[in-house]
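# Secondary and tertiary structure notes
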Amino acid sequence: MEEEAGVLKEGFLVKRGHVVRNWKVRWFVLLQDKLLYYKIEGGKKEPSPKGRILLDGCTITCPCLEYENRPLLIKLKTKTNTDYFLECCSREERDSWALDITGAIHAGHPVQVQELHRMKNSFKLLENISLHNIVERMYDSSTGIKLTRNLDQGNRYKETFTGSALVDWLISNSFAVSRFEAVTLASMLMDENFLRPVGVRSTEATRSSDPSEKFLDDSTALYMFAESSKKNTSSKEEVHFNISELSGTIVKQGFLVKQGHKRKNWKVRKFVLRADPAFLHYYDPTKEDNKPVGGFSLRGCLVSALEDNGVPAGVKGNVQGNLFKIITKNDIHYYIQASSKAERVQWIEAIKPLT
């Protein structure tokens, strides 16, 4: 596991997609030399990271004003000119993340001084070409890399390509001169979370300590884009809120995981607690319109912590720990998960006086 080194900070942030510019909530873990991010499935952090941002040589911009509707952004630019946009839920939270990331970037030399740097320094990307350019070209439907169905140990994978096909493509498009250069470039694309290994062979290779062996120039090693280029379109019915219920003073805000009413699936939502009038609203942090997707008056509500042993009644899936429940005066039950016991206590203590 990559998290063995000391964790400096962790929590939810909203990340802009690399290729499709959509926004997704991820659980971020800041280590001495890198920032890992994880997908949350069913209220649980997946065991292995979805991606990593190497902090050596990174520059940070905060405040970052590139998105008008997202004022609480931090921008990280890696050594290989890849931009990451991370959104926080409040100004305090943003400044605290920015301070800790800046500290990690400047804390002397990163923990692992990889041989990869030697290779990267001896191999310069053409000045006017970034990894983004390469990936955009790879996606091109006519001149890009051909995606095929492949088998690996009995598993069928759609939309994949082989290691040697990518090496061929990089050389034929003049992004690399030799196969060695193309392998170095391909491993940079993996480091920067543009590509990911699929199947046993290519996944095992990424564990190699030798950077030149992380990506396999091989016709049996499979890879795919880390993000599919298809956009998910779904039309949801609009929820309308009375302006007055959004006019209260904000008492507390933050990311929490909430169980859906209909499908009972767990999703990260940004919760905003307001007083006078007392309401709790929740927002989909991946959307830019800043309109709540749900909310309720706290008058007459009951709020309580749920036991941490076993899965409480009413909770679907194997979600345990740091749960609390709010029952509205209309007897609607909301199940919510905080990321720590302390955070759960803070939320309950903030809500109680307003009920």
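Described below are features of the structure shown in this document. (Residues numbered from 1 in each chain as written. Predicted model: local features only at pLDDT ≥ 70, side-chain atom pairs only at ≥ 80, totals over all residues. Heavy atoms only, no water.)

This part takes up the overall build of the protein. The secondary structure content of the protein amounts to 7 helices and 20 strands. Here the protein, with 355 residues, has 48% of them falling under the buried criterion. Counted over contacts in the protein with a minimum sequence separation of 6, partners at least 24 positions apart contribute 55%. Taken as a whole, the protein presents about 18500 Å² of accessible surface, with 49% of it coming from carbon and sulfur. (Helix = DSSP H or I, 4+ residues; strand = E, 2+ residues; numbered from the N terminus. Buried < 20%, exposed > 50% of the residue type's maximum accessible area, 1.4 Å probe, protein only. Contact = heavy atoms within 4.5 Å. Areas by Shrake-Rupley, 256 points an atom, 1.4 Å probe, with all protein chains shown as cover.)

Moving on to the packing of helix α3 (residues 131–139) against helix α5 (residues 179–191). Between α3 and α5, whose axes approach to 11 Å, the crossing angle comes to 95°. On the basis of the axis angle, α3 is roughly perpendicular to α5. Packed against α3, whose contacting residues are Leu131, Ile134, Val135 and Met138, the element α5 presents Leu185, Met188 and Leu189 at the interface. Residue composition of the contact of α3 with α5, grouped by class: 7 nonpolar, no polar and no charged. (Axes fitted to C-alpha atoms, helices over the stretch in contact; angles between N-to-C directions. Parallel < 35°, antiparallel > 145°, perpendicular 65-115°, else oblique. Nonpolar A, V, L, I, M, F, W, Y, C, P; charged D, E, K, R; others polar.)

On to the pattern of salt bridges. Going through the model one piece at a time under the given rule, you end up with 14 salt bridges. A salt bridge links Arg70 to Glu288; its shortest N-O distance comes to 3.3 Å. With Arg70 in the loop between β7 (59–64) and β8 (73–77) and Glu288 in the loop between β16 (279–283) and β17 (294–297), this pair connects stretches of sequence that are 218 residues apart. A relative accessible area of 2% places Arg70 in the buried class. Owing to a relative accessible area of 33%, Glu288 belongs among the partly exposed residues under this scheme. Among the salt bridges present, the one from Arg179 reaches Asp168, with a minimum N-O distance of 2.9 Å. Here the residue Arg179 occupies a position in helix α5, and Asp168 occupies one in helix α4 (residues 163–172), the gap between them amounting to 11 residues. One continuous salt-bridge network, built from bridges that share partners, spans Arg70, Glu87 and Glu288. (Salt bridge = Lys/Arg side-chain N within 4 Å of Asp/Glu carboxyl O.)

Spatially, 7 strands are ordered β17-β16-β15-β14-β20-β19-β18 in an open sheet, and the strand pairing comes out antiparallel. At either end of the open sheet lies a strand with only one pairing partner, and these are β17 and β18 (302–305). Across the sheet, the mean angle separating the axes of adjacent strands is 30° when strand polarity is ignored. Sheet analysis places strand β15 (residues 266–275) next to β16, joined by 5 bridges and oriented antiparallel. When the sheet's bridge partners are listed, Lys270 is paired in β16 with Tyr283. Seen against the sheet, helix α7 (residues 341–351) touches β14 (249–259), β15, β16, β18 and β19 (323–327) and runs at an angle of roughly 130° to β14. (Pairing = 2+ DSSP bridges.)

This part is about the packing of aromatic side chains. Scanning the entire structure with this criterion turns up 12 aromatic pairs. Judged by centre distance (4.8 Å) and plane angle (85°), the ring pair of Phe12 and Trp27 falls under edge-to-face. A residue pair is termed long-range when its members are at least 10 positions apart, and Phe12 in strand β1 (residues 9–16) and Trp27 in strand β2 (residues 23–30) qualify at 15 residues. For the pair shown, Phe12 and Trp27 are each scored as buried. Ring centres 5.4 Å apart and planes at 35° place the aromatic pair Phe28 and Tyr37 in the tilted group. Among the aromatic residues, ring-to-ring pairing joins Phe271, Tyr282, Phe296, Tyr334 and Trp347 into one connected group. Cation over ring: Lys45 sits above Tyr38, and NZ or CZ is 4.4 Å from the ring centre. (Phe/Tyr/Trp six-rings, centres within 6.5 Å; stacked < 30°, edge-to-face > 60°. Lys NZ or Arg CZ within 6 Å of the ring centre and 35° of its normal.)

The next point concerns the pairing of strand β3 (residues 34–38). Within β3, 5 of the 5 residues are buried, which leaves it mostly tucked inside the rest of the structure. Between β2 and β3, which pair antiparallel in sequence order, lie 3 residues.

It is at 9 Å that the axes of α4 and α5 come closest, and there the two elements cross at 110°. Viewed along their axes, α4 and α5 adopt a mutual orientation that is roughly perpendicular. Facing Ser164, Leu166, Val167, Asp168, Leu170 and Ile171 of α4, the residues of α5 in contact are Arg179, Ala182, Val183, Leu185 and Ala186. For the contact of α4 with α5, the per-class residue count stands at 8 nonpolar, 1 polar and 2 charged.

Right, let's talk about the nonpolar core for a bit. The biggest cluster of nonpolar side chains holds 28 residues, and the ones touching the most others in it are Ile134, Met138, Leu166 and Leu170. Only α3, α4, α5 and β13 (222–225) provide two or more residues apiece to this core. Looking at this core, the element that brings in the most residues is α5, giving 7 residues. Core analysis: the next-biggest nonpolar cluster, separate from the first, contains 23 residues, Val29, Leu306, Leu323 and Tyr335 among them. (Core = buried A, V, L, I, M, F, W, Y, C linked by side-chain atoms within 4.5 Å.)

Glancing now at the pairing of β8. Of all 5 residues in β8, 4 are buried, a share of seventy percent or more. With 4 bridges joining them, β7 and β8 adopt antiparallel strand pairing. Bridged to Thr59 within β8 is Lys77. Judged from the 5 bridges that link them, β8 and strand β9 (residues 83–87) form a sheet pairing that is antiparallel. Note that in β9 the partner of Leu73 across the bridge is Glu87. Counting the residues that bridge the hairpin from β8 to β9 gives 5 residues, and of these Asn81 lies at a positive phi of roughly 65°.

The quantities given are spatial measurements derived from coordinates; they are silent on function.
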